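Okay, here's what each chain looks like letter by letter:
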Amino acid sequence: MITPVSGFSKLSKEEKIAWLSNTYLKNSPQSEAVLRQYWHPDSGLQQLHEEFTENTLSNFYLPFGIAPNFEINGKLFAIPMAIEESSVIAAASKAAKFWKTRGGFKATVINTTKIGQVHFIFKGNDSLLQEFFAEIKPQLLEGVSGITRNMEKRGGGVLDIELRNRTHLMEGYYQLHCKFETKDSMGANFINSCLEKFAEIFKDSASHNEKFSDSGTEPEVIMSILSNFVPECIVRAEVSCPVKDLEDEKNRDATLFANKFLTALKIAEIEPYRAVTHNKGIMNGIDAVVLATGNDFRAVEAGIHAYASKDGRYTSLTHASVEDGIFKFWMEIPLAVGTVGGLTNLHPLVKVALEILQKPSARELMEIIAVAGLAQNFAAIKSLVTTGIQQGHMKMHLMNILNQYNATPEEKKELIHYFKKHTVTHSSVEDQLEKIRR
Ligand code: MEV
């Protein structure tokens, strides 16, 4: 029987591994060796990674690649992507190449406001609260001046604080709904620090205010936290070209392709089962760049999926049209990302990723990420409505299957050549490998 461990975080890394091995790994030297195998030989770099988080035993590698030839607003980019799924980077690169000869991608940041809220309960008279808020609003703004000074120097800060009555949702539920501009930083720590200060001032002032002591009801702060729903931090990415230019190297009928593409988009707009997978494909591109550039992919995922259901039904993030012979394909998504602060200044690979992107501002990074998502979706839909997804996918997956069977470099070479002309399936690779080995 396993007994709970106490003080685990205080053990050294070796002690932690020993405990783990003893408790869960049946003292397997192989598993311990794998954990150690992923330690970086440069002890400084290893320590840096260990200190990103807690109870670190090893490092978890993801491939870091680039998708070149992305023309965005007339500039050429190679987009760094950290992703384990085969065919994502290949698909992005293909879409980049396709649109490079058809006007490239256009992207625009529409707005950059971020949101945070102090949630509280007040069961007294609404007008008392409204009066109190009007009185203390200047104090709230003044009270965070120590936190906002540097941000203001960079052109950011607190944009506004609103008192929101949410009592129709829950008895006594109110919010201080606060808006922020955080310029090149993602701003999570900045926003949360401001919110906690607002909450402190709000609570203190309320406890000394006679309006509340006379009526015997005081606001009770529940929590203060930023929102990852950022519908006022929106970026738009788009491509367009005459329908006839959609013809590709395989000489497919361009009008038929455009019609099938539009129908596929319509299905994703109306059918949630399809919309989720459709948007998942978009996130393949978005998450890979978000991760490579050291941003918080969980925040981005949560915000984008909430946005996909903002009208009460989960729907496609991308849209397409054909008007006057012009095919248009676009997406507007919320993206709260940063290019300073957090991991961006710490993780050596993240620094390189940002260098590859020519040290973008947060706004430029929003544009690049949105384009990666749109490109990924274009590539997926193009495959789905023409050859089907498996042809390309399994070709890319071939290497994973070969590695699973510990294929030697010679075997890999031979089978990659063989599968240029044959359909890749798990069993066909297994059969061919067996044939060679016999
Ligand atoms: C696979 O990771 C993503 C796709 O399923 C996306 C889509 O269906 O649009 C291919």
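Under the annotation held in an unreviewed UniProt entry, the protein carries the name 3-hydroxy-3-methylglutaryl coenzyme A reductase and is attributed to Antarcticibacterium arcticum. UniProt lists a comment for the protein under the heading Pathway (unreviewed entry), and it reads "Metabolic intermediate metabolism; (R)-mevalonate degradation; (S)-3-hydroxy-3-methylglutaryl-CoA from (R)-mevalonate: step 1/1."

A. Spatial organisation of the site of the ligand. What surrounds the ligand is the set E85, R274, T277, H278, K280, G281, N284, A380, L384 and I389. E85 has a polar side-chain atom sitting 2.6 Å from an oxygen atom of the ligand. Contact distances for the ligand include 2.6 Å between an oxygen atom and a side-chain N or O atom of K280. Alone, the ligand offers 300 Å² of accessible surface; in the complex the protein occludes 83% of this. Elements supplying a minimum of two residues to the shell around the ligand: α10 (272-292) and α13 (362-385). Top contributing element to the shell around the ligand by residue count: α10, with six residues. For the shell around the ligand, the class distribution of residues is three nonpolar, four polar and three charged.

B. Seen up close, the packing of aromatic side chains. Throughout the structure, instances matching the rule amount to 22 aromatic pairs. An angle of 85° between the planes, with centres 5.1 Å apart, marks the rings of F261 and F329 as edge-to-face. Here F329 lies in strand β10 (residues 326-334) and F261 lies in helix α9 (residues 254-270), a separation of 68 residues in the sequence. Taking relative accessible area as the criterion, F261 reaches 0% and is therefore assigned buried. The buried category is assigned to F329, whose relative accessible area is 1%. Members of the aromatic cluster, joined through ring pairs, are F98, W99, F257, F261, F327, F329 and F378. In this structure, K13 is placed above the aromatic ring of W39, and the distance from its NZ or CZ to the ring centre is 3.8 Å. Here the basic side chain of K310 rests over the ring of Y307, its NZ or CZ set 4.6 Å away from the ring centre.

C. Fine view of a positive patch on the surface. A contiguous patch of positive charge on the surface is contributed by K94, K250, K395, K420 and K421. For K94, the location among the structural elements is in helix α4 (residues 88-100). Its relative accessible area of 60% is what places K94 among the exposed residues.

D. Inspection of a nonpolar patch on the surface at higher detail. The grouping of V34, Y38 and Y61 at the surface amounts to a nonpolar patch, some 290 Å² of accessible area in total. In this fold, Y61 is placed in the loop between α3 (43-50) and β1 (64-72). By relative accessible area, Y61 is classed as partly exposed at 49%.

E. Examining the sheet that holds strand β4 (residues 114-121) more closely. Taken in spatial order, the four strands of this open sheet run β5-β6-β4-β7, and their pairing is antiparallel. The strands lining the two open edges of the sheet, one partner per strand, are β5 (157-165) and β7 (220-226). Taken over all neighbouring pairs, the strand axes of this sheet differ in orientation by 20° on average, direction set aside. Looking at chain direction, β4 and β7 are connected through six bridges and run antiparallel. The residue bridging I121 from the neighbouring strand is E220, located in β7. Sitting on the sheet, helix α7 (residues 188-207) touches β4, β5, β6 (173-181) and β7, and the angle it makes with β7 is about 165°.

F. Region of the structure containing the pattern of salt bridges. Inspection of every chain in the model, using the stated rule, returns 20 salt bridges. Here E71 ties to K100 by a salt bridge, and the two come within 3.5 Å at their closest N and O atoms. Remark: K100 occurs in helix α4 and E71 occurs in strand β1; sequence separation between them is 29 residues. Note on E71: relative accessible area 18%, which makes it buried. When its relative accessible area of 32% is taken as the criterion, K100 is described as partly exposed. Across the salt bridge formed by R252 and D248, the nearest N and O atoms sit 2.8 Å from each other. Here the residues in one salt-bridge network are E14, E32 and R36, joined through shared partners.

G. Region of interest: the pairing of β1. When β1 meets strand β2 (residues 75-82), the two strands line up antiparallel, connected through seven bridges. Residue F70 lies in a different strand from β2, and its bridge partner there is F77.

H. Spotlight on the state of the cysteines. Evaluation of the coordinates by the stated rule reveals zero disulfides. For C233, which is in no disulfide, the shortest distance to another cysteine sulfur is to C178 and amounts to 16 Å.

I. Summary view of the environment of L398. Summarising the element assignment, L398 is placed in helix α14 (residues 389-404). The class for L398 is buried, based on a relative accessible area of 5%. Beyond its immediate stretch of four places on either side in the chain, L398 contacts L415, I416, F419, V424 and V429.

Reading the values: the criteria
- Residues numbered from 1 in each chain as written.
- Predicted model: local features only at pLDDT ≥ 70, side-chain atom pairs only at ≥ 80, totals over all residues.
- Heavy atoms only, no water.
- UniProt positions renumbered as here; feature names shortened; annotations may be inferred.
- Near = heavy atom within 4 Å.
- Polar contact = N/O pair within 3.5 Å; in protein donor to acceptor, adjacent residues only side chain to side chain.
- Areas by Shrake-Rupley, 256 points an atom, 1.4 Å probe, with all protein chains shown as cover.
- Helix = DSSP H or I, 4+ residues; strand = E, 2+ residues; numbered from the N terminus.
- Nonpolar A, V, L, I, M, F, W, Y, C, P; charged D, E, K, R; others polar.
- Phe/Tyr/Trp six-rings, centres within 6.5 Å; stacked < 30°, edge-to-face > 60°.
- Buried < 20%, exposed > 50% of the residue type's maximum accessible area, 1.4 Å probe, protein only.
- Lys NZ or Arg CZ within 6 Å of the ring centre and 35° of its normal.
- Patch = residues over 30% accessible without salt bridge, like charges linked within 9 Å, V, L, I, M, F, W, Y side chains within 5 Å.
- Salt bridge = Lys/Arg side-chain N within 4 Å of Asp/Glu carboxyl O.
- Lys, Arg positive; Asp, Glu negative; His and termini not counted.
- Charge placed at Lys NZ, Arg CZ, Asp CG, Glu CD.
- Pairing = 2+ DSSP bridges.
- Axes fitted to C-alpha atoms, helices over the stretch in contact; angles between N-to-C directions.
- Contact = heavy atoms within 4.5 Å.
- Disulfide = S-S within 2.5 Å.

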